[in-house]
Amino acid sequence: MTSNKSVAVYGAYGHTGRFVVSELRRRGWTPILSGRDPKKLEALVAEHPGLTLRPASVDDPASLDRALAGAVAVINCAGPFASTSAPLVEAAMRAHIPYLDVAAELEANIDTFNLFKDRAREAGIVVLHAMAFYGGLGDLLATAAMDGWTSADEISIAYGLDSWKPTTGTLVAGQVSKQRRDGRRAVFADGKIAYTTGAAPSGEWTFPAPLGKQPVVGEFTMADTVTISRHLKTPEIRSYMTATAVRDLTDPNPQAPVASDESGLSQQTFVVEVLVRRGAEERRATASGRDIYGFTAPLVVEALERVVAGEVKTAGVFTAGEAFDARNFLASLSPAHLSLEMR
Ligand SMILES: NC(=O)c1ccc[n+]([C@@H]2O[C@H](COP(=O)([O-])OP(=O)(O)OC[C@H]3O[C@@H](n4cnc5c(N)ncnc54)[C@H](OP(=O)(O)O)[C@@H]3O)[C@@H](O)[C@H]2O)c1
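A brief look at the structure comes next. These figures come from a predicted structure and were not determined experimentally.

The rules behind these values
Residues numbered from 1 in each chain as written. Predicted model: local features only at pLDDT ≥ 70, side-chain atom pairs only at ≥ 80, totals over all residues. Heavy atoms only, no water. Salt bridge = Lys/Arg side-chain N within 4 Å of Asp/Glu carboxyl O. Helix = DSSP H or I, 4+ residues; strand = E, 2+ residues; numbered from the N terminus. Buried < 20%, exposed > 50% of the residue type's maximum accessible area, 1.4 Å probe, protein only. Near = heavy atom within 4 Å. Polar contact = N/O pair within 3.5 Å; in protein donor to acceptor, adjacent residues only side chain to side chain. Areas by Shrake-Rupley, 256 points an atom, 1.4 Å probe, with all protein chains shown as cover. Nonpolar A, V, L, I, M, F, W, Y, C, P; charged D, E, K, R; others polar. Expected span 1.5 Å × (residues − 1). Axes fitted to C-alpha atoms, helices over the stretch in contact; angles between N-to-C directions. Parallel < 35°, antiparallel > 145°, perpendicular 65-115°, else oblique. Left-handed = near helix turned anticlockwise from the far one by under 90°. Contact = heavy atoms within 4.5 Å. Phe/Tyr/Trp six-rings, centres within 6.5 Å; stacked < 30°, edge-to-face > 60°. Pairing = 2+ DSSP bridges. Core = buried A, V, L, I, M, F, W, Y, C linked by side-chain atoms within 4.5 Å.

A look at the pattern of salt bridges
Considering all chains together, one arrives at 25 salt bridges under this definition. The shortest N-O distance in the salt bridge between arginine 185 and glutamate 219 comes to 2.4 Å. One end of the pair, arginine 185, is in strand S8 (residues 185–189); the other, glutamate 219, is in the loop between strand S11 (213–218) and helix H8 (223–231), with 34 residues separating them in the sequence.

Remarks on unusual backbone geometry
Trans peptide bonds make up the majority, and among non-glycine residues the majority have a negative phi. Residue alanine 209 is joined to proline 210 through a cis peptide bond whose omega torsion reads 10°. As for its placement among the helices and strands, proline 210 is situated in the loop between strand S10 (202–206) and S11. In this chain, serine 334 is followed by proline 335 through a cis amide linkage whose omega measures 5°. Relative to the elements of secondary structure, proline 335 occurs in the loop between helix H12 (326–332) and strand S16 (339–342). Despite not being glycine, alanine 130 has its phi angle at roughly 60°, a positive value. Exposure remark for alanine 130: the relative accessible area of 0% places this residue in the buried category.

Structural notes on the environment of threonine 16
Of note, threonine 16 is situated in helix H1 (residues 15–26). Accessibility expressed as a relative area gives 15% for threonine 16, which makes it buried. Between the C-alpha atom of threonine 16 and that of cysteine 77, which follows or precedes it by 61 residues, the distance is 6.6 Å.

Considering the site of the ligand
Contacts to the ligand come from 29 residues, most closely from Tyr13, His15, Arg36, Lys40 and Tyr134. Between the ligand and arginine 36 there is a distance of 2.7 Å, counted from an oxygen atom to a side-chain nitrogen or oxygen. When the ligand sits alone it has 910 Å² of accessible area, and the protein chains cover 87% of it. In terms of residue count, helix H7 (residues 168–180) provides more of the shell around the ligand than any other element does, four residues in total. Its residues assigned to classes, the shell around the ligand shows 14 nonpolar, eleven polar and four charged.

A few points about helix H6 (residues 133–146)
Its 14 residues place the ends of H6 19 Å apart at the C-alpha level, agreeing with the 20 Å of an ideal helix rising 1.5 Å per residue. Where burial is concerned, most of H6 is hidden: 14 out of the 14 residues are buried. Residue aspartate 147 follows H6 closely and has a positive phi angle near 40°.

Structural notes on the packing of H1 against helix H10 (residues 292–308)
Between H1 and H10, whose axes approach to 8 Å, the crossing angle comes to 50°. Accordingly, the angle class assigned to the pair H1 and H10 is oblique. Considering only the axes of H1 and H10, their crossing is right-handed. Taking contact as the criterion, the partners of His15, Thr16, Phe19, Val20, Glu23 and Leu24 in H1 are, on H10, Tyr293, Gly294, Thr296, Ala297, Pro298, Val300, Val301 and Leu304. In terms of residue class, the contact of H1 with H10 is made up of nine nonpolar, four polar and one charged.

Re the packing of aromatic side chains
All told, the structure shown has ten aromatic pairs when counted by the stated rule. Judged by centre distance (5.3 Å) and plane angle (70°), the ring pair of tyrosine 134 and tyrosine 159 falls under edge-to-face. Here the residue tyrosine 134 occupies a position in helix H6, and tyrosine 159 occupies one in strand S7 (residues 154–161), the gap between them amounting to 25 residues. Note on tyrosine 134: relative accessible area 6%, which makes it buried.

Some points on the pairing of strand S3 (residues 52–55)
Here strand S2 (residues 30–35) pairs with S3 via four bridges, running parallel. Pairing of isoleucine 32 across the sheet is with threonine 52, part of S3.

Regarding the packing of H6 against H8
The interhelical angle for the contact between H6 and H8, taken along N-to-C directions, is 45°, at an axis separation of 7 Å. Overall, the two elements H6 and H8 adopt an arrangement that is oblique. When you trace H6 past H8, the crossing you get is right-handed. In contact with Phe133, Tyr134, Gly135, Gly136, Leu137, Gly138, Asp139, Ala142 and Thr143 of H6, H8 contributes Ala223, Asp224, Thr227, Ile228 and His231. Partitioned by chemical class, the residues of the contact of H6 with H8 number six nonpolar, six polar and two charged.

Side note on the nonpolar core
One finds Leu128, Met131, Phe133, Tyr134, Leu137, Leu161 and Trp164 to be the most contacted residues of the largest nonpolar core, which totals 83 residues. Considering every element that reaches this core, the biggest residue donor is H10, with eleven residues. If we ignore the near neighbours within four places in the chain, the residues touching leucine 128 are Tyr99, Leu100, Asp101, Ala303, Val307, Phe318, Thr319, Ala320, Ala323 and Phe324.

Let's talk about the side chain of asparagine 109
As for its placement among the helices and strands, asparagine 109 is situated in helix H5 (residues 106–123). Only 3.0 Å separates the side chain of asparagine 109 from the side chain of histidine 129, close enough to count as a polar contact.

Structural notes on the sheet that holds strand S15 (residues 316–318)
Strand order across the open sheet formed by seven strands is S3-S2-S1-S4-S5-S6-S15, with parallel pairing between neighbours. Pairing within the sheet leaves two strands with one partner each, and these edge strands are S3 and S15. Mean inter-strand twist for the sheet, computed between neighbouring axes without regard to direction, equals 20°. Inspection of the sheet shows strand S5 (residues 99–101) paired to strand S6 (residues 126–128) by two bridges, in the parallel sense. Each residue of the ladder has a partner; that of leucine 100, found in S6, is leucine 128.

Read these as geometric descriptors, not functional statements.
Have a look at this one:
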């Protein structure tokens, strides 16, 4: 294990970046605060006296090199990732350090896997993509539920959010993705992502108590569909989101998340249930916790610690479920950040 405890955080002053900075400090790391706006970085340093700030722009590779100099890894929290992933992965390759991000934009997710799969391997670095609530948690749960199965007939993911007060970053990322797919919806069927139009189907999903039976919107395809389909064999991935969260997200005047205590976490609660089916046999993995943005921090920092400790043995671009022992990883977040149930 390295004695270097410096980790560059790009997008450090964003809503999610701030949770990541706090989680790194809580675990004894020294974040290098980076992002494109020097004034916002200075305001963040005022909250974390003694930390180094390094402004950098994705259009200026030399500034990114300066931001990453001396760091043991970089965590990219600045989205839309369609703009930031590639320049930051390039910078991580030049610095020869691992790259982790929290991207949740289907098209940008696919691009990162395709663009850097070979190049990251050749450069000898680990790229852990979509290491966040969307993209990371569902993938870990699906991998844990498979528990040795080599394929499933169907994987379903149900997101039970009691509300979803989105950040600006979420809304902008959603717009970028929507534009890239001409307003169509993504669905995963017959082993691949396809695009469709028309209203999304609605239905009900019975979550464990206390959430219970909830109206849900179907074909709510998130980054987990990309990450799961990278390494688990299945022809069908179905995704469902609580209708109440969809209403919040599509509200013409969306409310931003509000901290409910000094941890900065909001009161939002989540349950993510993944069901894998093979023939008549079904297995479920369920995780519940609080605040999807806040939860992303322990998830990505846990991944960082494992990568730096050498747990990922080969170079390349990985998803959470591919890179780690999913059950062990999930267990390490429980009970502090997650309640877990496997059936
Ligand atoms: N997968 C998940 O579950 C998950 C969880 C959390 C967050 N995310 C994603 O992470 C991103 C950030 O979310 P957030 O909640 O932190 O939103 P946020 O509070 O709005 O922060 C967005 C951050 O990205 C930076 N940024 C935007 N465009 C940039 C560019 N072209 N170059 C450099 N920096 C840029 C912003 O800097 P400025 O203020 O200077 O514009 C800010 O630091 C979003 O894309 C969101 O979808 C995903």
